[in-house]
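# Notes for the structure review
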Amino acid sequence: MKKERWIPLAVIAVFLLVWQLGWQFEWVPRYMLPSPVMVVQAFVSDFPLLMTHAGVTMLEAFIGLAAGVLLGFMCAAMMDTFPKVRAGLYPILVLTQTIPPVAIAPLLILWFSYGMTPKIILVVLVAFFPMAVGLMEGFQAADADMIRMMRSMKASRWQIFWYVKFPNALGEFYSGLRIAVAYSIVGAVIAEWLGGFNGLGVYMTRVKKSLAYDKMFAVIFLVSAISLVLMGLVRMLQKKTMPWNYLKDTEEYKRRTRNEEF
Amino acid sequence: MRELLKAEHIAKSYSDKQVLKDISVTLNEGEIVSLLGVSGVGKTTLFNVLSGLVMPDSGTVTLEGEDITGKAGYLSYMLQKDLLLPHKKVIDNVALPLLLSGVRKKEARERASSLFEQFGLSGTEYKYPAQLSGGMRQRAAFLRTYLCGKEVVLLDEPFGALDTITRSSMHEWYLKIMDEIRLSTILITHDIDEAVLLSDRIYIMRGSPALITDEIVITENKPRSPEFVLSEEFLRYKKQIKELLR
Ligand SMILES: Nc1ncnc2c1ncn2[C@@H]1O[C@H](COP(=O)(O)OP(=O)(O)O)[C@@H](O)[C@H]1O
Ligand SMILES: [Mg+2]
């Protein structure tokens, strides 16, 4: 795996090179497509401004994400514990997912005006679903024999949840969280497009109006970089909190112990 | 001999299929009793009833005269799979029954770790179950069951998932440890050799719905050596059981 890391890097390098050449030889009119170098220059010159806006967007995303994850968790636990709640809620959850967030964003702006509130609410909505569904499926997938074993030891409902169901859902939790993190940044940006005072989405609409393509590209790359970094952080958190999931030497270890045992 | 566990006239059906029909078994103090039958006959179902996880359609289970039918938590029950929690280190897996009953983590770990050597688990305390071999996982599950601390132990095919060589070393180990801790045990198996080697008595379970068709007493003295399997005596028991199963 590790050895093949250079391949995507090479692809990116080639892509940048072709882009730069395309600009050099004017394959596309110069005013429409800036060169990579110009994008970097735009990024550097607008850096303080970009960081201010990024701070606002990330704050919205974090608050929304935290609330969405918490709500999703509570909802999943309820659906897991009470079959009736699950029967009533689950189809509705799936149904509401067919509504694109972009479609509710204008409504939220109308209801909650141009501050941070509508952005946060949109992020809550987009983060909630992957968490609620992922966690519930993780809880439900807990091994029935494992639960039987716990019951034979007179474990309480709460103990079964804590020792068996929750750990069983941790993998799903992190997959859901990675999606939710990416969605939350995008969700915040989309909501900002539609009106607001600060944030990367607001910055985007402004540079669009002034046809500043270089700045446009700079902010697009910034948004994707933020998402990537956050998803990487989630992965690190997962490795830290689920060490049993990353026992790379397991097979080798098994072979060793099998030989010395008996 | 003190009678510990007694199940009388147990019957159990699932949907339209009757699995158990009028099953009665007893377990006396210090005894190891095997429940021998082909797979699918209903051995695990009987254990689920004895342990109180499943309510029988009729019949009663008593422990020292007290009715425990349908009540979980009175017996130490080791299920068919090792069922170690993958996210807990071996020591916390083993100490699970203590932790569940409210013993502090530090004390639970201390009590568990004092038994690791006797159970052949030294050095595995802070590993994860996935890092252990099958035999070790089985012994860890056994130690966890032992730490449930109940007077009666149910073992559902404890050696069933192991390869032959590991299994016979586990038999040796089991005979030795049972000589030390003398647990009153009912053990499920579908292996005749295993039943004869390990038990004082064997119930043979047959049919659909299942009945206890025979009971065989193995008079060989305890502690038994693994050489027992090579004796004439052993062969005689084996022949007798094979006849009965025909
Ligand atoms: N929860 C259940 N629901 C329906 N059928 C079951 C259930 N548990 C066991 N059975 C059926 O009961 C029979 C006996 O199963 P089991 O007790 O596991 O057998 P054994 O342990 O002897 O291999 C099988 O035919 C199985 O399909
Ligand atoms: Mg079984």
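What comes next concerns the included structure. (Residues numbered from 1 in each chain as written. Chains lettered and ligands numbered in written order. Predicted model: local features only at pLDDT ≥ 70, side-chain atom pairs only at ≥ 80, totals over all residues. Heavy atoms only, no water.)

## Some thoughts on the overall build of chain A
A count of helices and strands for chain A gives 11 helices and zero strands. Ordered by position in the sequence, the α and β elements of chain A form the string α-α-α-α-α-α-α-α-α-α-α. The C-alpha radius of gyration computed for chain A amounts to 24 Å, which surpasses the reference 18 Å derived for 262 residues by more than 25%, pointing to a less compact arrangement than a globule. Looking at chain A as a whole, 41% of its 262 residues qualify as buried. Excluding contacts between residues fewer than 6 apart, the proportion of contacts in chain A whose partners are at least 24 apart in sequence is 69%. Accessible surface computed for chain A: about 15,200 Å², of which carbon and sulfur atoms make up 71%. (Helix = DSSP H or I, 4+ residues; strand = E, 2+ residues; numbered from the N terminus. Rg over C-alpha atoms; globule rule 2.2 N^0.38 Å. Buried < 20%, exposed > 50% of the residue type's maximum accessible area, 1.4 Å probe, protein only. Contact = heavy atoms within 4.5 Å. Areas by Shrake-Rupley, 256 points an atom, 1.4 Å probe, with all protein chains shown as cover.)

## Considering the packing of aromatic side chains
Within a pair of aromatic rings, the relevant descriptors are the distance that separates the centres and the angle that separates the planes. The tally for this structure, following the rule as stated, stands at 24 aromatic pairs over all chains. One aromatic cluster is present, built from ring pairs that chain together F73, F139, W158, F161, W162 and F166 of chain A. Above the plane of the ring of Y237 of chain B lies R236 of chain B, whose end atom (NZ or CZ) is 5.4 Å from the centre. (Phe/Tyr/Trp six-rings, centres within 6.5 Å; stacked < 30°, edge-to-face > 60°. Lys NZ or Arg CZ within 6 Å of the ring centre and 35° of its normal.)

## With respect to the sheet that holds strand β1 (residues 3-14) of chain B
Residue and element names in this part refer to chain B. Taken in spatial order, the four strands line up as β2-β1-β4-β5 in an open sheet, and their pairing is antiparallel. Each end of this open sheet is capped by a strand with a single partner; those strands are β2 (17-28) and β5 (66-67). Relative to strand β4 (residues 58-63), β1 is paired through five bridges, and the arrangement is antiparallel. Within β4, the position partnered with L5 by the bridge is L63. Here helix α1 (residues 43-50) sits on the sheet in contact with β1, β2 and β4, set at roughly 120° to β1. (Pairing = 2+ DSSP bridges. Axes fitted to C-alpha atoms, helices over the stretch in contact; angles between N-to-C directions.)

## Quick word on the interface of chain B and chain A
Many structure descriptions define interface size as the accessible area lost when the parts assemble. On the chain A side, the residues contacting the 32 residues of chain B number 25 residues. Summed over both partners, the interface of chain B with chain A buries about 2,700 Å², with 68% contributed by carbon and sulfur atoms. Taken together, the links from chain B to chain A amount to two salt bridges. Put simply, D145 of chain A and K81 of chain B hold a salt bridge, and the shortest N to O gap is 3.3 Å. For the interface between chain B and chain A, the tally reads five residue pairs in polar contact (both at pLDDT 80 or more). (Buried area = accessible area lost by both parts, 1.4 Å probe. Salt bridge = Lys/Arg side-chain N within 4 Å of Asp/Glu carboxyl O. Polar contact = N/O pair within 3.5 Å; in protein donor to acceptor, adjacent residues only side chain to side chain.)

## Observations concerning the pattern of salt bridges
Under the defined criterion, the tally for this structure stands at 24 salt bridges over all chains. R148 of chain A serves as the salt-bridge partner of D145 of chain A, at 2.7 Å between the closest nitrogen and oxygen. In this pair, D145 of chain A and R148 of chain A are both assigned in helix α7 (residues 144-152), three residues apart and thus about one turn of the helix distant. Across the pair E233 of chain B and R236 of chain B runs a salt bridge whose closest N-O atoms are separated by 3.2 Å. Here E233 of chain B and its partner R236 of chain B are both found in helix α8 (residues 232-245), three residues apart, which amounts to about one turn of the helix. The class for E233 of chain B is partly exposed, based on a relative accessible area of 30%. Taking relative accessible area as the criterion, R236 of chain B reaches 46% and is therefore assigned partly exposed. Among the charged side chains, a network of salt bridges with common partners joins D143, D145 and R148 of chain A together with K81 of chain B.

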